[in-house]
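This is what each chain is made of:
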Amino acid sequence: MLKKLLPLFFLCTTFAACNNNSANEPDDPGFREPVPEKTEYTQATLSYRGDDMYSEISDSWILQLYTDMEIDERGNPVGPGKMLQISLNVSYNREQLPDMENLTSYPYREPVSTGDFSAGTFNPGYLTEIDLPTGRIELPDGTFYGDIPAGTTEFEADLLREGVCVISKADDDRYTVEGILVGTDYTKRYFSYTGALEPKNYAEAVIPNTTLTEDVTLAGLSHARLIDKGDNFVIGDGSYRNFLLYLAEETIDLSGNTPQGSGELLRLEFFVTGSTTLAEGIPAGTYTVSPGNANGSIDRDQIVPFRIRPGVPDQFTDPGGSWFQQLDNGSWSERYARLADGQVRVERPDGGYRITIDLKDCGDPAHAIRAVWESDGAID
C-alpha cells in the first residue's frame, strides 16, 4: 500500500505548487480510514477453565459477548448478530475456584511473546483443530470476533491479536466490559457490555475417553480382521511385532481402511514375538494391558511380546491402541471406551482361535468389557 500512496502524494503536492487555483485546497491522498464502529453487546457468558496449562502462573477465563441473538441447543449463537470471545489470563487461584475479584484486577493487553501467559494478558486468536468422536473440526480459539450471517452459526473469524480490555464492577453488582482489539482483518473492534457476569466452572471439563456406565458383555462378535503393523514404534531390534485385531458384529464391514457400518466393535493391539508372521496369527498365551502414560506414550520396557497396547487418550479420528466402539454408519456413537487394563487369553485349538477378553475401561470406577470369540480357522 505504501508504494502506491507515495507517488500519488508527490504528484498532488507538485500539482498544487504549479497551479494557483488549487493553492487553498487541502491535499487529498486518496485514502480515508473507516470510522470504527463501537458494538454494544447485550449478552455475556463467562467460563472459568482454571490452570489448564498447569503452570501455576495464571488461570484461564473465557469471556464471550453477543448482540441480541438466539442461542441453539449446543450453545452456538444463530445470526444475524455479532460475537466477541476474549481469552483472559487471570492471577492463579491455588484452590482452582473462580475469583471475580481477580478478574477485575487489571487491564488485559496482548502478551509480549507467544509463551507469555502472565496474568493481565489476553491470548491472541488462532485456528485450532479439535479431534472429537464425530470427527476433526477446525475452530477459532483464543480471542476473536465474528459477524454471524442470518440463519447460521458459522462465520469467518477475525483473529484478534492487539489491544486492551478492561473489566470493572459497579456498586449494583453489574459489570462493565470495554476496550478495543485489532486482528487479522486490520479493523479496530471497539466494544462494550454492561450487565451480569456469572462464571461457570469448567476447570474439570474434558471430552470423556469412556462413556460406559455399566459393565459390557459382547455376545455378537462374529468376524475378525488381523493387520500387521510391524515395528510400529520404530525400535529396530526385532524384539516384537505390533498386530492390530478387529473383532466385530456381522453388521460391521472390516474390508476397508477403517471399519464401516453400525454395531459393536473391539479394536485390540497385541505385541507378539518379532519373528511371528501374519499367516501364523496371534500366538497362544495370556496378554496383559501395558500401563500407559498420561500423554498417551508407552515405556520401552512395556513394548514386549504378550502385552496389549492401551488406548491412546483423546485420539478419536484415528484411534490408537485398544478401544471398544459402538459404530453408527461408520462414525462413533455416544457409547465407547478407551481400554486401559485387564487381560486377553488367546488359545489356538487345531489352528483356530478361542479368545477370551476380560478388559477394563479408563473410567473411575472402571467398567468391564468381556467377550469370548471363537474361530475354526485362521483370521483373514
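All of these numbers come straight from a predicted model, not from anything done at the bench.

A.B. asks: Give me the overall build of the protein chain: which residues, what numbers.
C.D. replies: Looking only at helices and strands, the protein chain has 2 helices and 27 strands in total. Here the protein chain holds 380 residues, and 39% of them are scored as buried. Restricting to contacts in the protein chain with at least 6 residues of sequence separation, those with at least 24 account for 56%. Accessible area for the protein chain stands at about 21100 Å²; split by element, carbon and sulfur atoms hold 48% of it.

A.B. asks: Describe the packing of aromatic side chains, listing the residues and the values that go with them.
C.D. replies: According to the stated counting rule, one finds 13 aromatic pairs in the structure shown. Look at Phe-316 and Tyr-336: their rings are 6.0 Å apart centre to centre, the planes differ by 75°, and that puts the pair in the edge-to-face class. Taken together, the positions of Phe-316 in the loop between strand E23 (307-308) and strand E24 (323-328) and Tyr-336 in strand E25 (residues 331-347) put the pair 20 residues apart, joining distant regions of the chain. Exposure class is identical for Phe-316 and Tyr-336. Each is buried. Both rings, one in Tyr-353 and one in Trp-373, keep their centres 6.3 Å apart while their planes meet at 45°; by these two values the pair is tilted. One end of the pair, Tyr-353, is in strand E26 (residues 353-361); the other, Trp-373, is in strand E27 (residues 368-375), and 20 residues separate them in sequence. The pair Tyr-353 / Trp-373 is uniform in exposure class, with both members buried. Of the aromatic side chains, those joined through ring pairs into one cluster are Phe-316, Trp-323, Trp-332 and Tyr-336. Stacked on the ring of Tyr-353, the Lys or Arg Arg-348 has its end atom at 4.0 Å from the ring centre.

A.B. asks: If you had to explain the environment of Ala-368 to someone new, which residues and values would you point to?
C.D. replies: Note on placement: Ala-368 falls in strand E27. Exposure remark for Ala-368: the relative accessible area of 5% places this residue in the buried category. Along the sequence, Ala-368 and Asp-358 sit 10 residues apart, while their C-alpha atoms lie 6.9 Å from each other. Sequence-distant contacts of Ala-368, defined by excluding residues within four places in its chain, comprise Asp-215, Val-216, Leu-359 and Lys-360.

A.B. asks: Hey, could you go over the pattern of salt bridges for me, with residue numbers and the actual values?
C.D. replies: Here the structure, examined in full by the defined rule, presents 17 salt bridges. Residues Asp-158 and Arg-189 are paired through a salt bridge, measuring 3.1 Å at the closest nitrogen-oxygen approach. Residue Asp-158 is located in strand E12 (residues 158-169), and its partner Arg-189 is located in strand E14 (residues 189-195); the two are separated by 31 residues in the primary sequence. The exposure class of Asp-158 is buried, given its relative accessible area of 0%. One salt bridge connects Glu-264 with Arg-335, and the closest N-O pair in it is separated by 3.0 Å. One end of the pair, Glu-264, is in strand E21 (residues 263-272); the other, Arg-335, is in strand E25, with 71 residues separating them in the sequence. Residue classification places Arg-335 among the partly exposed residues on the basis of a relative accessible area of 31%. Beyond isolated ion pairs, a larger network of salt bridges with shared partners links Lys-229, Arg-267, Glu-269 and Arg-309.

A.B. asks: Explain the side chain of Ser-290 to me, using residue names and the numbers behind them.
C.D. replies: Summarising the element assignment, Ser-290 is placed in the loop between strand E22 (285-289) and E23. Residue Ser-290 is classed as buried on the basis of its relative accessible area of 0%. Beyond its immediate sequence surroundings of up to four residues, Ser-290 is in contact with Ile-298, Gln-302, Arg-307, Ile-308 and Pro-310.

A.B. asks: I'd like a rundown of the nonpolar core, residues and numbers included.
C.D. replies: Among the nonpolar cores identified, the biggest contains 30 residues, and Leu-245, Leu-266, Phe-270, Ile-282 and Ile-357 are the most heavily contacted of them. If you list the elements that add at least two residues to this core, you get strand E16 (216-218), strand E17 (221-228), strand E18 (241-249), E21, E22, E25, E26 and E27. For Ile-282, the contacting residues outside a window of four places in its chain are Leu-226, Phe-243, Leu-245, Phe-270, Val-272, Tyr-287, Val-346, Arg-348 and Tyr-353. In this structure, Leu-46, Leu-84, Tyr-108 and Tyr-193 belong to the second largest nonpolar core, which totals 24 residues.

A.B. asks: Outline the confidence of the model for the protein chain, listing residues and values.
C.D. replies: In this model, the protein chain carries a mean pLDDT of 88, and residues with pLDDT of at least 70 account for 90%. When the criterion is pLDDT under 50, residues 1-26 qualifies, and its contacts beyond four places in sequence or with other chains add up to 6 contacts.

What counts, and where the lines are drawn
Residues numbered from 1 in each chain as written. Predicted model: local features only at pLDDT ≥ 70, side-chain atom pairs only at ≥ 80, totals over all residues. Heavy atoms only, no water. Helix = DSSP H or I, 4+ residues; strand = E, 2+ residues; numbered from the N terminus. Buried < 20%, exposed > 50% of the residue type's maximum accessible area, 1.4 Å probe, protein only. Contact = heavy atoms within 4.5 Å. Areas by Shrake-Rupley, 256 points an atom, 1.4 Å probe, with all protein chains shown as cover. Phe/Tyr/Trp six-rings, centres within 6.5 Å; stacked < 30°, edge-to-face > 60°. Lys NZ or Arg CZ within 6 Å of the ring centre and 35° of its normal. Salt bridge = Lys/Arg side-chain N within 4 Å of Asp/Glu carboxyl O. Core = buried A, V, L, I, M, F, W, Y, C linked by side-chain atoms within 4.5 Å. pLDDT = per-residue confidence, 0-100.

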